[in-house]
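Each chain, written out:
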Amino acid sequence: MKTTFYCFIAILFCYTGFSQTKVSGVVKDTSGEPVPFANVVFKNSIEGTITNEDGRFYLESDKTYTVVIFSFVGYETKEVQLSKKVNYNMEVTLGEGEKLNAVVIVSGKQPKKNNPAIDILRKIWQRKRFNGIRQFKQYQYDKYEKVEFDLNTIDSAMMKSRLFRGMEFIFNEIDTSSVTGKTYLPIFINEAFSKVYGDNVKNKEKEDLIGNKNSGFSSNETITAFIKDLYADYDIYDNYLKFFDKSFTSPLSRTGINTYNYVLVDTAFIDNKWCYNIVYYPRRKNELTFKGDFWVNDSTFAIKKINLQASKSANINWVKEIYIEQEFDVLNDSVFLLKRDYMLSDFALNKKEKSKGVYGKRTTLYDNYVFDEEKPEEFYKKEINPFNEDIYERSDEFWEANRMEKLNKDEKGVYKMLDTLKTVPKFKRLYSLASILASGYVEFDKYNLDYGPIFSTFGFNDVEGIRVRAGGRTYFGPNDKWRIEGYGAYGFMDNRFKYGISGKWLLNPKNRLIISAGNRRDVEQTGVSLTVNDNVLGRSFASSALFASGNSDRLTNINLTTFALEMEPIKNMTFRLGSSYKTMRSASPTTFSLSYLDPQAPNGINDRLVQSEVNFSVDMTPGRKTIRHGVERKIVNDDYPRIYLNYARGVEGLFNSDFNYSRLQLFYRQPFQVGGFGRTYTTFEAGKTFGTVPLSLLNVVPGNQAYFSIHNTFSQLNFYEFVTDTYASLHIEHNFNGRLFSRIPFLRKLNLREIVGIRGVWGEISQENVDMNVPAFQSLPFRSITPEGIAPNKEIYWEYSLGIGNIFKIFRIDFNFRGNYKGNIDARQFGVTGAFGFHF
């Protein structure tokens, strides 16, 4: 199947091992109020948990226990006898008391001075560089990873629902979570075995995937990448742990003492090592924090065992629970190495206790450590196209030999269940529907064609009126070596047919040598991007004005033909040599002109541009991660920088081309994670056009008249409000991810996110370019037809925005303010734009 695992998850959201001792319930005081962060522990053991903000708990063990202890400072310690192995929905009341005689957690904010837990924490900071694999020059180890997805909170109403009618057999293998105590049904499993090599001196690491296997999906390379992106690796010693694009403060962080309360509660031998037990919980609600405890060795101050559970009030969407356990093995007296890492996430539409959802569980095991075997620099060089089909076809014998943890009965059953489920007609229909919603294409597998994208079917602007569009593409599989796509469109006001077609072919997979060509004849809004777009079929969202302020009649008729060769000889560095031939003229001559002075034209004015151009570009994207290995790849992360350089040369006379000119452009984008204070996005662009050229070839500062936010545009500028031949622009936006709102009581529960942005551009235009374009400039509302009236050359134009995100989890609204040039004709001083999106 060519659709990704996102489709299967979408279907699951439509409905939205055996343990010896299990207990769950709530801890309250005598007034009936819940007791948060109370200690719950099986008597005579180190197995325990902490109640959440609502006083609720769940605890289970493979061993048999008959007594569970509940304790909290200021309350009496209570021992509860267990009459049976499974004790759900317990309600425990703690009476007031003066002292505790068992392991306790201290309530409220804890002191930072004279606190033995914080003294130990400081020693952990001092020693963290000398713990684990950090203390060796080189390292290598085997890594086995198992990821499982389960439907959870299974009840009789769900099993009898119409959604699962005809698929009731899937409920034969229901089990109970050891973390939350909820019922679950395994529906997907993915296994991967890798060898990891690293060099701490050269700061290099390489992971070779040796085998990968999953239940029921043939395109498991896509699923593997999805899992990697969803469950990124992390180091508990780091100051911040990134999950689902959010930075949680680590309890071992140097900033932790300002974020968490720490209490030393116990000491014990673990694997013949004397260890301290420290409990931590957040100082404030609604921040990206955890609660839990860790055991740390008394001499090396290395972590022996730790668990982390995300605060229920944490500002994160679609995730109700995050639970993490890590165990470390003792190699010798001073070396503690990560042995097992377990993470559970509960994906749900809301955080209500009884809401249904999907568990995502990842178990990672590490073994066969080898140290100080140096590899040459060339060993760590990343391959451009590393796809190897054999990796996904490993035998059962391979998995028996390399699994570090055997599959249980439920996990084995998943493989059989998915094979059966794919033969059920109802499941096929649901899967197809989810596929359409996720990809935007309707699949016709019989003909190896896709119809779409369906979301571009309708549009509107002041030239075409209502516009309808139909398109498609060839699709044999996600790793096609070639692809052809095209579309046709019709406007009911201008009564004209438009079309576009393009094709590309991967000639050499090793260096990704690709040849491409295309032709498009359409109506579009030009001047919405400073940096040239290489996509021949690309059409800006601004070309449709269904939701826009002002008129959308400054559109252009364009007939564009392109041809290009590109290659990627170095990982994430692409070189492209291209050429184009285009004709351009105004699509609405009565309201918008692209005419320019031309002594050879009738009446000395030409309203049509004919231009041939060759260009060379370098695109550098260090840290970019992609999937698929055909002519088209999919990017799976957005936290990488991008540097794009482009040089273009207009060639007069080539195919009757009108002008000679040169254009040089730079585009630089850099995201920054600012610890627990959110993420900053910066974009810098600069360019210059050398020569005298018409408006169609100048650099228009991109305005935005739509009510939707469009990236890298100026929300308070109208189309063609500024035109330049030399420019530099900077966009800065910071998303605090709710850091500020979480400290305001009446806003705290809304989980809103604050966003601030500032944008500026400077530019100039030569007098020669002004003189040539007087006929076009007279149709635009400039202050004056002079370089000062057309370009922001006297002072930098700037604007700023204050935004609120995560409204109803899917909507963002920005309030945009113009900073200067307020005297421009039709200048918009204030505007509101919005955007929809699904974000964690």
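Rules used throughout
Residues numbered from 1 in each chain as written. Predicted model: local features only at pLDDT ≥ 70, side-chain atom pairs only at ≥ 80, totals over all residues. Heavy atoms only, no water. Patch = residues over 30% accessible without salt bridge, like charges linked within 9 Å, V, L, I, M, F, W, Y side chains within 5 Å. Areas by Shrake-Rupley, 256 points an atom, 1.4 Å probe, with all protein chains shown as cover. Salt bridge = Lys/Arg side-chain N within 4 Å of Asp/Glu carboxyl O. Helix = DSSP H or I, 4+ residues; strand = E, 2+ residues; numbered from the N terminus. Pairing = 2+ DSSP bridges. Core = buried A, V, L, I, M, F, W, Y, C linked by side-chain atoms within 4.5 Å. Buried < 20%, exposed > 50% of the residue type's maximum accessible area, 1.4 Å probe, protein only. Contact = heavy atoms within 4.5 Å. Phe/Tyr/Trp six-rings, centres within 6.5 Å; stacked < 30°, edge-to-face > 60°. Lys NZ or Arg CZ within 6 Å of the ring centre and 35° of its normal. Axes fitted to C-alpha atoms, helices over the stretch in contact; angles between N-to-C directions. 1 Å grid on protein atoms, 1.4 Å probe; cavity = no way out; pocket = protein on both sides within 12 Å on 5 of 7 lines; lining within 4 Å. Points joined across faces, edges and corners; volume = space filled by probe spheres on them. Nonpolar A, V, L, I, M, F, W, Y, C, P; charged D, E, K, R; others polar. pLDDT = per-residue confidence, 0-100.

Chemist: Help me understand a nonpolar patch on the surface, please; the structure alone is not making it clear to me.
Modeler: On the surface, Y668, F684, L730, I732, V756, I758, I796, W798, Y800 and L802 cluster together into a nonpolar patch covering about 800 Å² of accessible area. Listing elements by their share of the nonpolar patch, those giving two or more residues are β40 (726–735), β41 (753–764) and β42 (797–807). Element by element, the count of residues in the nonpolar patch is highest for β42, at three residues.

Chemist: Explain the pairing of strand β37 (residues 679–690) to me, please; I cannot follow it from the model alone.
Modeler: Consecutive side chains along a regular strand alternate between the two faces of the sheet. Bridge count between strand β36 (residues 661–673) and β37: twelve bridges; the pairing is antiparallel. When the sheet's bridge partners are listed, R669 is paired in β37 with T683. Linking β36 to β37, which pair antiparallel, is a turn of five residues; within it G675 sits at a positive phi near 55 degrees. Strand direction decides the pairing type here: β37 and β40, joined by ten bridges, are antiparallel. Paired with K688 across the strands is T726, a residue of β40.

Chemist: How do you make sense of the nonpolar core when you look at a structure like this?
Modeler: Nonpolar side chains tend toward joint burial in soluble globular proteins. Grouped together as the largest cluster of nonpolar side chains are 76 residues, with contacts concentrated most on I124, F294 and I303. In this structure, I124 is in contact with Y237, L252, F294, V296, F301 and I303, ignoring residues within four places of it in sequence. Of all hydrophobic cores here, the second largest spans 31 residues; its members include A489, L697, I765 and A776.

Chemist: Please clarify how the packing of aromatic side chains should be interpreted in this entry.
Modeler: The geometry of an aromatic ring pair is captured by two quantities: the separation of the ring centres and the angle between the planes. Considering all chains together, one arrives at 37 aromatic pairs under this definition. Centroid distance Y369 to F371: 5.9 Å. Interplanar angle 15 degrees. Geometry classified as stacked. For the pair F398 and W399, a centre-to-centre distance of 5.1 Å together with 90 degrees between the ring planes defines the contact as edge-to-face. Residue classification places F398 among the buried residues on the basis of a relative accessible area of 16%. Connected via pairs of aromatic rings, a cluster forms that spans F136, Y139, Y141, Y366, Y369 and F371. One residue, K375, lies across the ring of F379, its end atom 5.4 Å from the ring centre. A cation sits over an aromatic face here: R394 above F398, 5.4 Å from the ring centre.

Chemist: Please explain the sheet that holds strand β2 (residues 39–42) as it appears in this structure.
Modeler: In any sheet, the strands associate via hydrogen bonds between backbone groups, in a parallel or an antiparallel arrangement. Strand order in the open sheet made by the four strands is β3-β2-β5-β6, with antiparallel pairing throughout. Of all strands in the sheet, those bounded by a partner on one side alone are β3 (48–50) and β6 (78–81). Strand after strand, the sheet turns through a mean of 20 degrees between neighbouring axes, direction not considered. The pairing of β2 with strand β5 (residues 67–71) spans four bridges and is classified as antiparallel. By the bridge assignment, N39 is partnered in β5 with S71.

Chemist: Sorry, what's going on with empty space enclosed by the protein here?
Modeler: Leftover empty space is mapped by rolling, across the atoms, a probe with the size of a water molecule. Size it by volume and the largest cavity reaches roughly 140 Å³. If you go around the largest cavity, you meet 18 residues; those closest to its centre are S247, L288, G676, N737 and R739. Grouping the amino acids of the lining of the largest cavity by side-chain chemistry returns three nonpolar, 13 polar and two charged.

Chemist: For this particular structure, what's the right way to read the confidence of the model for the protein chain?
Modeler: The pLDDT averaged across the protein chain works out to 83; a share of 90% of its residues lies at or above 70. Contacts of residues 1–18 to residues separated by more than four positions or lying in other chains number 61 contacts, the stretch itself having pLDDT below 50. Within the model, the stretch residues 98–107 combines pLDDT values under 50 with 30 contacts to residues more than four positions away or in other chains.

Chemist: Looking at this structure, how should I read unusual backbone geometry?
Modeler: Glycine aside, a negative phi is what most residues show, and trans is what most peptide bonds show. With an omega dihedral of 0 degrees, the bond running from G452 to P453 counts as a cis peptide bond. Mapped onto the elements of the fold, P453 is located in the loop between β22 (449–451) and β23 (458–461). Even without a glycine there, the phi angle at N495 is positive, about 55 degrees. Mapped onto the secondary structure, N495 falls in the loop between β25 (482–491) and β26 (496–508). On the basis of relative accessibility, which here comes to 52%, the residue N495 falls in the exposed class.

Chemist: What is the right way to look at the sheet that holds strand β4 (residues 56–61) in this model?
Modeler: On the basis of which strands lie adjacent, the open sheet formed by three strands has the order β4-β1-β7 and mixed pairing. Only two strands of the sheet have a single partner each, and these edge strands are β4 and β7 (86–94). Strand after strand, the sheet turns through a mean of 25 degrees between neighbouring axes, direction not considered. Relative to β7, strand β1 (residues 21–29) is paired through seven bridges, and the arrangement is parallel. In the sheet register, G25 faces β7, and the bridge partner there is M90.

Chemist: Quick question: what am I supposed to make of the environment of T682 here?
Modeler: Note on placement: T682 falls in strand β37. For the pair formed by T682 and K85, sequence separation is 597 residues and the distance between their alpha carbons is 57 Å. Aside from chain neighbours lying at most four places away, what touches T682 is Y668, R669, Q670, F672, H731 and I732.

Chemist: Please explain the pattern of salt bridges as it appears in this structure.
Modeler: Any two side chains of opposite charge can pair if their charged atoms end up close together. Tallied over the full model, the rule gives 42 salt bridges. One salt bridge connects R362 with E145, and the closest N-O pair in it is separated by 3.8 Å. Pair noted here: R362 is in strand β20 (residues 357–371) and E145 is in strand β8 (residues 138–152), with a separation of 217 residues, a long-range link. There is no split in this pair, since R362 and E145 are both buried. Across the salt bridge formed by E405 and K146, the nearest N and O atoms sit 2.9 Å from each other. With a gap of 259 residues between them, E405 in the loop between α5 (396–402) and α6 (409–421) and K146 in strand β8 connect regions that are remote in the sequence. Each of E464, R467, D494, K498 and D522 takes part in a single network of salt bridges with overlapping partners.

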